[in-house]
Amino acid sequence: AVYPHCLEVMTYMMERHPKAGILLCATSELDLFYPIELSSKEAYQRSFIHGKVMSNSPLTSMYKREAFEKVGSFRGDKYPLCSDWDMVLKIARNFSVLIVPTGLCFYRVHQGQVISSTSDRYLRHFTDVIIISFEALCHPDCPLPENEKRYAIAKILRGAVKIPRTEIPYTN
């Protein structure tokens, strides 16, 4: 859910950072002073190598129209459960990423979640996130140098292998 001041603060921040194509609320990097504007390379490094700075939900994101028009629309037909992740990576490849403090909105967990570790859609979501990440890292305009791309791909694969079987839903 969004607090009443959320859109006002997000808009204010975006207006002060004209090079940013997307705004994301921080997840857990509390030792930093916000807002932080990351170059494409820095955003990819923080997401694929050092942490998960761009793995926010769509609720905590704001897209600049110019960025959206440049990279194209969401690919919901191909990735119905995580087209937002695809969009974030496409924009981050072409524009800087603005990170603002947490607390503008909150993530409400409820039984009807589209994605949860107990839903039948979890495996599809997880698989699509890996595919989208590979596509982004293998894209000719990926901002990472080759050695960092290889490291990021290996890290994704190691993470995929470590998922406990109890977190992968099976249907009969």
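Trainee: What is the right way to read the overall build of the protein chain from this model?
Mentor: When its secondary structure is counted, the protein chain shows six helices and four strands. In the protein chain, the succession of α and β elements from N to C terminus is α-β-β-α-β-α-α-β-α-α. Buried residues in the protein chain amount to 40% of all 172 residues. Within the structure as shown, the protein chain displays about 10,100 Å² of accessible surface, and the carbon and sulfur contribution to it stands at 57%.

Trainee: How should I be thinking about the pattern of salt bridges in this particular structure?
Mentor: Pairing of side chains with opposite charge becomes possible as their charged atoms draw close. What the rule picks out here adds up to seven salt bridges. Lysine 78 is the salt-bridge partner of glutamate 135, the closest N and O atoms lying 3.4 Å from each other. Of the two residues, glutamate 135 sits in helix H5 (residues 122–138) while lysine 78 sits in the loop between helix H3 (65–71) and helix H4 (83–94), which places them 57 residues apart along the sequence. The partner of lysine 149 in a salt bridge is glutamate 146, with the nearest N and O atoms 3.1 Å apart. Taken as a pair, lysine 149 and glutamate 146 lie in helix H6 (residues 146–161) at a separation of three residues, close to a single helical turn. In this structure lysine 149 comes out as buried when scored by relative accessible area, which is 10%. A single network of salt bridges, built from pairs that share partners, joins Arg75, Lys78, Asp86, Lys90 and Glu135.

Trainee: Any chance you could explain the side chain of histidine 17 here in plain terms?
Mentor: Turning to its location among the elements, histidine 17 is positioned in the loop between helix H1 (6–15) and strand S1 (20–25). Look at histidine 17 and you get buried, because its relative accessible area is 17%. Apart from the residues within four sequence positions on either side, histidine 17 is in contact with Pro35, Glu37, Lys64 and Leu98.

Trainee: What should I look at first to understand the pairing of strand S4 (residues 96–100) in this one?
Mentor: Side-chain positions along a regular strand alternate between the two faces of the sheet. Summarising burial for S4: five of the five residues are buried, a large majority. Residues Ser96, Leu98 and Val100 line one face of S4 and the alternating positions Val97 and Ile99 line the opposite face, and both faces are buried. Across three bridges, strand S2 (residues 36–38) lies against S4 in antiparallel orientation. Bridge pairing links leucine 38 to valine 97 in S4.

Trainee: Help me out: how do you make sense of the packing of aromatic side chains in this one?
Mentor: Each aromatic ring pair is specified by the distance between its two centres and by the angle formed by the two planes. One pass over the structure, following the stated rule, counts four aromatic pairs. Ring plane angle 50° and centroid distance 5.8 Å describe the contact between phenylalanine 68 and phenylalanine 74, whose orientation is recorded as tilted. Classification of phenylalanine 74 by relative accessible area gives partly exposed; the value is 34%. Taken together, the ring pairs in this structure connect Tyr44, Phe48 and Trp85 into an aromatic cluster. Residue placement shows arginine 158 over the ring face of tyrosine 151; its charged tip is 5.9 Å from the ring centre.

Trainee: Would you mind going over the environment of isoleucine 156 with me for this structure?
Mentor: Of note, isoleucine 156 is situated in helix H6. Sequence-wise, isoleucine 156 and isoleucine 130 are 26 residues apart; in three dimensions their C-alpha atoms are separated by 7.2 Å. Setting aside residues no more than four positions away along its own chain, isoleucine 156 makes contact with Phe48, Ile130, Ser133, Phe134 and Leu137.

Trainee: Please clarify how the side chain of lysine 64 should be interpreted in this entry.
Mentor: Tracing the sequence through the fold places lysine 64 in the loop between strand S3 (61–63) and H3. Among the polar contacts made by the side chain of lysine 64, one reaches the main-chain carbonyl oxygen of alanine 20 at a distance of 3.0 Å. Once you skip the residues sitting within four places of it in the chain, lysine 64 turns out to touch Met14, His17, Pro18, Lys19, Ala20 and Gly21.

Definitions and cut-offs
Every chain begins its residue count from 1, and numbering advances along the sequence as written. The predicted nature of this model means local features are confined to residues of pLDDT at least 70 and side-chain atom pairs, given and counted, to a pLDDT of 80 or more, with totals for whole chains, interfaces and linings taken over all residues. Side-chain metrics rest on all non-hydrogen atoms present in the structure, leaving aside hydrogens and water. Counting from the N terminus, the helices are the DSSP runs of H or I reaching at least four residues and the strands are the DSSP runs of E reaching at least two. Type-normalised accessible area, obtained with a 1.4 Å probe on protein chains alone, sets the label of each residue: buried when under 20%, exposed when over 50%, and partly exposed for intermediate values. Residue burial considers only the protein chains on display, and all accessible areas are found by Shrake-Rupley using a 1.4 Å probe. Here, a salt bridge means any side-chain nitrogen of Lys or Arg that lies within 4 Å of a carboxyl oxygen of Asp or Glu. Contacts are residue-level and defined by heavy atoms, with any inter-residue pair within 4.5 Å sufficient. Paired strands are those between which DSSP finds at least two bridges. Two rings from Phe, Tyr or Trp (for Trp, the six-membered ring) form a pair when their centres sit within 6.5 Å of each other. Planes less than 30 degrees apart are called stacked, planes more than 60 degrees apart edge-to-face, and all others tilted. Here, a charge over a ring is recorded when the distance from Lys NZ or Arg CZ to the ring centre is within 6 Å and its angle to the ring normal is within 35 degrees. Pairing of N or O atoms within 3.5 Å defines a polar contact, subject to two protein rules: one partner must be a possible hydrogen donor and the other a possible acceptor, and residues neighboring in sequence count only if both atoms are side-chain atoms.

Any functional reading would require information that these geometric values do not contain.
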